[in-house]
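# Coordinate inspection notes
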Amino acid sequence: MKIAIIGKGGVGKSTITAMLAKSLSKDKEVLVIDGDESNLTLNKFLGIERGKEFINYIGGREGFKKLKRSEKLFKNKISLNDIKEYLTKKDNIYFLTIGKIHDFGEGCACPIGALLKELLNNLDFDGYTIIDTEAGLEHFGRGVEESCDLIILIVDPTLESLNFAEKVKDICQRLGKNYYFIINKADDETLKILLDRLDKDKILGVIKENREIVRKCLLGEELEPVEEIEKIAHFITSNSKTIPSPNL
Ligand SMILES: Nc1ncnc2c1ncn2[C@@H]1O[C@H](COP(=O)(O)OP(=O)(O)OP(=O)(O)O)[C@@H](O)[C@H]1O
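Residues numbered from 1 in each chain as written. Predicted model: local features only at pLDDT ≥ 70, side-chain atom pairs only at ≥ 80, totals over all residues. Heavy atoms only, no water.

### Here we look at the pattern of salt bridges
We count it as follows: Salt bridges are counted wherever a side-chain nitrogen of Lys or Arg sits within 4 Å of a carboxyl oxygen of Asp or Glu.
In total, this model carries 13 salt bridges according to the counting rule given. Here the salt bridges share partners, and the residues they tie into one network are Lys 22, Lys 90, Glu 222 and Glu 224.

### Here's the deal with the sheet that holds strand 2 (residues 30-34)
Heads up, the rule is: Pairs of strands are assigned from DSSP output, requiring at least two bridges between the strands. Going along the chain from the N terminus, every DSSP run of H or I of four or more residues is numbered as a helix, and every run of E of two or more is numbered as a strand. Axis definition: a line fitted to C-alpha atoms, limited for helices to the stretch in contact. Angles are taken between N-to-C directions and run from 0 to 180 degrees.
Across the sheet, which stays open at both edges, the eight strands sit in the order 3-4-2-5-1-6-7-8 with mixed pairing between neighbours. Every other strand in the sheet has two partners, leaving strand 3 (88-90) and strand 8 (203-208) as the edge strands with one partner each. For this sheet, the mean inter-axis angle between neighbouring strands, taken without regard to orientation, is 20°. Here strand 2 runs beside strand 5 (residues 128-132); their pairing, made up of five bridges, is parallel. Bridged to Leu 31 within strand 5 is Thr 129.

### Some thoughts on the nonpolar core
For soluble globular proteins, the rule of thumb is that nonpolar side chains tend to be buried together. Convention followed: The criterion is simple. A nonpolar core is a set of buried Ala, Val, Leu, Ile, Met, Phe, Trp, Tyr and Cys residues joined through side-chain atoms within 4.5 Å. The rule is simple: take the accessible area with a 1.4 Å probe, protein chains only, and divide by the maximum for that residue type; under 20% is buried, over 50% is exposed, in between is partly exposed. We call two residues contacting when some pair of their heavy atoms lies within 4.5 Å.
Counting residues in each nonpolar core, the largest one holds 45 residues, and the members touching the most others are Leu 31, Phe 54, Leu 96, Ile 98, Leu 119 and Leu 198. Every element with two or more residues in this core is listed here: strand 1 (2-6), strand 2, strand 4 (93-97), helix 4 (110-122), strand 6 (150-155), helix 6 (159-175), strand 7 (179-186) and helix 7 (188-197). Among the elements that take part in this core, helix 6 stands out by supplying six residues, more than any other. The residues touching Leu 31, leaving out its near neighbours within four places in the chain, are Leu 80, Leu 87, Tyr 94, Leu 96, Leu 123, Phe 125, Tyr 128, Thr 129 and Ile 130.

### Description of the pairing of strand 8
Put simply, the rule reads: Seen with the strands pointing away from the viewer, any crossover whose path from the first strand over the helix to the second strand runs clockwise is right-handed.
Examined bridge by bridge, strand 7 and strand 8 share five bridges and lie parallel to one another. Each bridged residue has a counterpart across the sheet, and for Ile 182 the counterpart in strand 8 is Gly 205. In this region the chain leaves strand 7, passes through helix 7 and returns to the parallel neighbour strand 8; the handedness of that crossover is right-handed.

### A short note on the environment of Leu 198
Looking at the secondary structure, you find Leu 198 in the loop between helix 7 and strand 8. Separated by 17 residues in sequence, Leu 198 and Phe 181 place their C-alpha atoms 8.5 Å apart. Contacts of Leu 198, omitting those with residues within four sequence positions, involve Val 155, Leu 162, Ala 165, Phe 181, Ile 183 and Ile 203.

### Description of the site of the ligand
For clarity, the threshold we go by: In these notes, residues near a molecule or strand are those with any non-hydrogen atom within 4 Å of it. Counting of polar contacts relies on pairs of N or O atoms within 3.5 Å, with two restrictions inside protein: one atom must be capable of donating a hydrogen and the other of accepting it, and residues adjacent in sequence are counted only when both atoms are side-chain atoms. With residues, only the protein chains shown are counted as cover, and all accessible areas are computed by Shrake-Rupley using a 1.4 Å probe. Think of a 1 Å grid over the protein atoms and nothing else: a 1.4 Å probe that fits but is trapped marks a cavity, an open set flanked by protein within 12 Å on at least five of seven lines marks a pocket, and residues with an atom within 4 Å of a point count as lining. Each molecule is assigned to a cavity or pocket provided more than half of its atoms lie within 2 Å of the corresponding grid points. Following the grouping adopted for this structure description, the nonpolar residues are Ala, Val, Leu, Ile, Met, Phe, Trp, Tyr, Cys and Pro, the charged ones are Asp, Glu, Lys and Arg, and the polar ones are all others, Gly among them.
Near the ligand there are 19 residues, and of these Lys 13, Ser 14, Thr 15, Asn 184 and Asn 210 occur at the shortest range. Separating an oxygen atom of the ligand from a backbone N or O atom of Gly 10 is a distance of 2.9 Å. Here Gly 12 contributes a backbone N or O atom positioned 3.0 Å from an oxygen atom of the ligand. In the complex, the protein chains occlude 82% of the 640 Å² of accessible area that the ligand would expose alone. Placement of the ligand is best described as lying within the largest pocket. Contributions of two or more residues to the shell around the ligand are made by helix 1 (13-24), strand 7, strand 8 and helix 8 (211-219). When the residues that make up the shell around the ligand are grouped by side-chain class, the tally is six nonpolar, eight polar and five charged.

### Focus: the environment of Leu 80
As for its placement among the helices and strands, Leu 80 is situated in the loop between helix 3 (60-66) and strand 3. Here Leu 80 falls in the buried class, since its relative accessible area comes to 10%. The sequence separation of Leu 80 and Leu 123 amounts to 43 residues, and the corresponding C-alpha distance is 8.2 Å. With residues near it in sequence (within four places) discarded, Leu 80 still touches Leu 31, Leu 87, Tyr 94, Leu 123, Asp 124 and Phe 125.

Encoded structure:
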């Protein structure tokens, strides 16, 4: 099962990816894919070393430029064994980083998005794959979610997140993709407003504003799943073959 974690900048995508991965890994192996070209914290939240960037598999940016437009990046299915030199692992969790922007004038993130999409389309892995996407909606434009089974939008208490939720609902319904929201960082007052504005049957869970998460994130420490994440993971594991479809 492939799960894309999406949302505007800073809503808690990496935080929730890490906690959800830990929780789901009690059920099956998990592959966490860092598809965000700028953020360098996800592996820390998982307590895993960062491995070699997967973009090197196709010869880096230079290799990507040499590919013909119509050329498929992968001719066959890709197993974890095929890409093992790029993976790091701890307990039941594998970690893969697609690529990062390292330098001024290096170029856009298109190769990273294209590689991620092709990898997901060809991935042969029986566990849970969780993709921490870059902030914003560009990944939809690139078709990264093409092969994802579930899209989880992280919503924080901002108007921008609510607008984002409308757009995601519209795109997912047109694509026939299963989508849910997780509300993050809300307090009692803002939660009431969010619950009023979002489709209730699409809310997977609510993670309240949590000072311990703030402290651990600031220190770059490993995160342990909060109770609400355990409940969300339980919902996913017990519905993994039949996650209810959106009302199209
Ligand atoms: N439940 C929470 N309560 C309070 N603060 C939180 C919570 N979840 C996340 N945060 C704070 O939000 C910050 C940003 O989280 P995170 O890096 O996961 O966001 P992101 O959406 O992945 O960001 P980016 O868009 O930059 O990739 C964290 O460093 C943490 O301080």
